Amino acid sequence: MRHDVTFPLYVEVDEIYNLACPASPIHYQYDPVQTTKTSVHGAINMLGLAKRCKAKILQASTSEVYGDPDVHPQHESYWGRVNPIGIRSCYDEGKRCAETLFFDYHRQHQLRIKVVRIFNTYGPRMHPDDGRVVSNFIMQALQGKDITLYGDGEQTRSFCYVDDLLEAMIRMMDGPDSFIGPVNIGNASEFSMRELAQEVVALTGSKSKIVHLPMPADDPRQRKPDLTLARQMLDWSPTIALRDGLQKTISYFAQLA
Ligand code: UDP
Ligand code: UDP
């Protein structure tokens, strides 16, 4: 069924994974008002649905709730450093408000909630025009185009392969009602965007050269999950190293071209 979560939805369900919302900066900034509505109105509608059906409900939250963090790595207890009026705010504040709604429905209506904070995830079946860094670099490398490194390339991210994320989300949903999160899901291996560009060039054997473009506003300087809670409560750790995940993703994009 195709449905816009900003409108009510009446179906009979016993589990809800609320993953709705564009996650790539170029896509969520295209119609920022709609992005906030998707997270906020979408959460209200899905929570209302969960309440009526007495369903368990999982929210895909994000490492963006930590903003441009001054604590490193980020533990769930960190409240974040988010600009409320910047170009990323529609996504960051929308997701933060969704977390608030989840916890208030839990406290006020005893809903069975699960909140996971997802750190940068990538893998096969991403859209070639997704606009995020992994798919951009791979497509550029495969097509022999310039690799677009924003800023000095020293900013860091920690990339999680999609299968690892899915395993963690399913464990979270299937776990005891008493564990509601929020819990970080990601991979703790941290890389600079320059290192990522070099790795993609090496793995594809591309002749592309790395060019520098301006750094987008409010782009976080560093990001790395503290995964202690996920290890303890979900008995989960990521298993796919960046190089292996990149190889699988490169094979996928190569067969599209
Ligand atoms: N809602 C929905 N599907 C349902 C139940 C509710 O989409 O099966 C929507 C409903 O439109 C409402 C929202 O979820 O606006 C919140 O529901 P809740 O019951 O919490 O609030 P109320 O209906 O009392 O405003
Ligand atoms: N980035 C880059 N080149 C690109 C796309 C992104 O250098 O073509 C950088 C971006 O500035 C950021 C990092 O890669 O520092 C991750 O960006 P992405 O949009 O993938 O995710 P997010 O910023 O939401 O973590």
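## A few points about unusual backbone geometry
Alright, step 1. The residue after His-72, namely Pro-73, is reached through a cis peptide bond having omega -10°.
Alright, step 2. Residue Pro-182 is reached from Gly-181 by a cis peptide bond, and omega for that bond is 0°.
Alright, step 3. Among the structural elements, Pro-182 can be located in the loop between helix H5 (162–174) and strand S8 (183–185).
Alright, step 4. Positive phi, close to 60°, is recorded for Gln-110, a residue that is not glycine.
Alright, step 5. Along the chain, Gln-110 falls in the loop between helix H3 (89–109) and strand S3 (113–118).

## Some thoughts on the layout of surface pockets
Alright, step 1. Its volume calculated, the largest pocket comes out at about 1100 Å³.
Alright, step 2. Every residue lining the largest pocket is counted, 48 residues in all, and those nearest its centre are Ala-23, Ser-24, Thr-121, Asp-130 and Arg-132.
Alright, step 3. Mapped onto the lining of the largest pocket, the elements with two or more residues apiece are helix H1 (25–28), strand S2 (56–62), H3, strand S4 (121–122), helix H4 (133–142), strand S5 (147–150) and H5.
Alright, step 4. Of the residues belonging to the lining of the largest pocket, the class tally is 26 nonpolar, 13 polar and 9 charged.
Alright, step 5. Here the second largest pocket defines a volume of roughly 230 Å³.
Alright, step 6. Every residue along the wall of the second largest pocket is listed here: Val-65, Glu-76, Ser-77, Tyr-78, Trp-79, Arg-96, Glu-99, Thr-100, Phe-103, Arg-107 and Arg-117.
Alright, step 7. Considering each element in turn, the lining of the second largest pocket owes the most residues, 5 residues, to H3.
Alright, step 8. Residues belonging to the lining of the second largest pocket are distributed by class as follows: 4 nonpolar, 2 polar and 5 charged.

## Things to note about the site of ligand 2
Alright, step 1. Every one of the 17 residues lining ligand 2 counts as a neighbour, but Val-133, Thr-148, Arg-157, Asp-219 and Arg-223 are closest to it.
Alright, step 2. Summarising the interface, the protein chains cover 96% of the accessible area of ligand 2, which totals 520 Å² for the free molecule.
Alright, step 3. Mapping ligand 2 onto the cavity grids shows that it belongs to the largest pocket.
Alright, step 4. Of all the elements in the fold, those that place two or more residues in the shell around ligand 2 are H4 and S5.

## Details of the sheet that holds S3
For sheets, the rule is that strands pair by backbone hydrogen bonds, running either parallel or antiparallel.
Alright, step 1. A sheet is described by the order of its strands in space; here 4 strands give the open sequence S1-S2-S3-S8, paired in parallel fashion. The open sheet is flanked by strand S1 (15–18) and S8, the only strands paired with a single partner. Averaged over all adjacent pairs, the angle separating strand axes in this sheet is 25°, with direction ignored.
Alright, step 2. In terms of strand pairing, S2 meets S3 through 6 bridges, oriented parallel. From the neighbouring strand, Gln-59 faces S3, where its bridge partner is Val-115.
Alright, step 3. Against the sheet, H5 makes contact with S1, S2, S3 and S8, and its axis sits at roughly 160° relative to S3, the strand it touches most.

What counts, and where the lines are drawn
- Residues numbered from 1 in each chain as written.
- Chains lettered and ligands numbered in written order.
- Predicted model: local features only at pLDDT ≥ 70, side-chain atom pairs only at ≥ 80, totals over all residues.
- Heavy atoms only, no water.
- Helix = DSSP H or I, 4+ residues; strand = E, 2+ residues; numbered from the N terminus.
- 1 Å grid on protein atoms, 1.4 Å probe; cavity = no way out; pocket = protein on both sides within 12 Å on 5 of 7 lines; lining within 4 Å.
- Points joined across faces, edges and corners; volume = space filled by probe spheres on them.
- Nonpolar A, V, L, I, M, F, W, Y, C, P; charged D, E, K, R; others polar.
- Near = heavy atom within 4 Å.
- Areas by Shrake-Rupley, 256 points an atom, 1.4 Å probe, with all protein chains shown as cover.
- Sits in = over half its atoms within 2 Å of the grid points.
- Pairing = 2+ DSSP bridges.
- Axes fitted to C-alpha atoms, helices over the stretch in contact; angles between N-to-C directions.
- Contact = heavy atoms within 4.5 Å.

On their own, these measurements won't tell you what the molecule is for.
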